[in-house]
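Observations on the three-dimensional arrangement
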Amino acid sequence: MREQSLIGGEWCDNASGNRISVTNPATGVTVGSVPDMSFEEAERAIATADKAQKLWAKRTAAERATLLESWFDLTMSMQQELGALMTAEQGKPLSEAEGEIAYAASFIKWFGEEARRVAGRTVPSPCPDRRIVTLKEPVGVCAIITPWNFPAAMITRKIAPALAAGCAVVIKPSELTHFTALALASLAVQTGIPAGVINVVTGMPTDIGAALIQSTTVRKLFFTGSTRVGTLLMAQCAPTIKKLSLELGGNAPFIVFDDADLDALSKGAQIVGGRPVTPEGATHVALVVLKHTTAQMRLASEETLALSHLCFGLTPNKRPSLWPMIHPTGWPRISTQATTPAPGVWARR
């Protein structure tokens, strides 16, 4: 487990000495701490990435693909250790954490194979003495801002295509889940991915985010998070005309009419999008169930019976189906959704 930022292939602390503690949401015990990097330190990471990107882009697609394949293999060999680390800092059940590591690694493998298929095309010319050829080139340094709910998959889904295309990255992981990002970056370094191609800047979002957004060197921003923050980032990227890839979340209603098959629904309400509903947050999981009046009483009893089979918390002999919210600040929102009539629940936040 690394407790430093990664800039230019070196593990480093910040100049101020300020650190952020990461706690296990199940126990409240401190897992470790990371440096709270400054605006200037984020700028240093960007400059390092820019220098490394020029050399990385000169590598052949086959060379980049081979390194990504090695990163995939090493990640899968450490699946259990990475899953345990994710559970410790994020609270996700161990079975889901290990599953996410495999899911995250699949992006590395897939985009590594796609690196060999990045090709241009020829275009018919309107002039007989001219030939038109299009080439695909790396966009440059990419900034990556990720959430806490999928601390591995949301990173590899952004890093892998960038590296496959010949770009370098500066990652700002969630201030709640630094260690999974640092562990993945450490494995990438071990596989031989050149120094400076992957940089992880830990800390609070204000200063680091400002450096990434304001930089004219950063040419693309990847972001997964709320629609509100995504809207702000889009506006802030406009002056430097950055390319954007935004995955923005929102409320996901589960609407029940009086003619619904409630037996099937009670199972579907637990498993939405093919996975058990857990409090770690996911854009494809139903946050609220809106029920028709005539279906409400029967559905309530069905849900109670179904949910009674789920286990919660730290159990020595079986893996829990539900774990705690990652941070106490989430409780007021969950409580409001459970007690407020539908119009209030859907108020824009």
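1. Some remarks on the layout of surface pockets
The calculated volume of the second largest pocket comes to roughly 370 Å³. If you go around the second largest pocket, you meet 20 residues; those closest to its centre are Val118, Glu137, Pro138, Pro161 and Ala165. Listing elements by their share of the lining of the second largest pocket, those giving two or more residues are helix H4 (94-114), helix H5 (153-165) and strand S10 (218-226). With four residues, the single largest contributor to the lining of the second largest pocket is H5.

2. Notes on the packing of aromatic side chains
Summed over the entire model, instances satisfying the criterion amount to two aromatic pairs. Centroid distance Trp110 to Phe111: 5.0 Å. Interplanar angle 85 degrees. Geometry classified as edge-to-face. Taking the relative accessible area as the measure of exposure, Trp110 reaches 48% and is therefore partly exposed. One Lys or Arg, Lys220, reaches over the ring of Phe222 and ends 4.9 Å from the middle of that ring.

3. Things to note about the pairing of strand S7 (residues 141-145)
Burial of S7 is extensive: five of the five residues sit out of reach of the surface. Alternating residues of S7 divide into Val141, Ala143 and Ile145 and Cys142 and Ile144, and every residue in both groups is buried. Strand direction decides the pairing type here: S7 and S10, joined by five bridges, are parallel. Following the sheet pairing, Ile145 is matched in S10 by Phe223. The pairing of S7 with strand S8 (residues 169-172) spans four bridges and is classified as parallel. Within S8, the residue paired with Ala143 across the bridge is Val170.

4. Thoughts on helix H7 (residues 205-214)
Of all the residues in H7, the buried ones are Ile208, Gly209, Ala211, Leu212 and Ile213. Residues of H7 that are buried in the fold lie against helix H1 (39-58), S7, S8, S10 and helix H8 (227-237).

Cut-offs used in this document
- Residues numbered from 1 in each chain as written.
- Predicted model: local features only at pLDDT ≥ 70, side-chain atom pairs only at ≥ 80, totals over all residues.
- Heavy atoms only, no water.
- 1 Å grid on protein atoms, 1.4 Å probe; cavity = no way out; pocket = protein on both sides within 12 Å on 5 of 7 lines; lining within 4 Å.
- Points joined across faces, edges and corners; volume = space filled by probe spheres on them.
- Helix = DSSP H or I, 4+ residues; strand = E, 2+ residues; numbered from the N terminus.
- Phe/Tyr/Trp six-rings, centres within 6.5 Å; stacked < 30°, edge-to-face > 60°.
- Buried < 20%, exposed > 50% of the residue type's maximum accessible area, 1.4 Å probe, protein only.
- Lys NZ or Arg CZ within 6 Å of the ring centre and 35° of its normal.
- Pairing = 2+ DSSP bridges.
- Contact = heavy atoms within 4.5 Å.

Remember that the coordinates give geometry; whether it matters functionally is a separate question.
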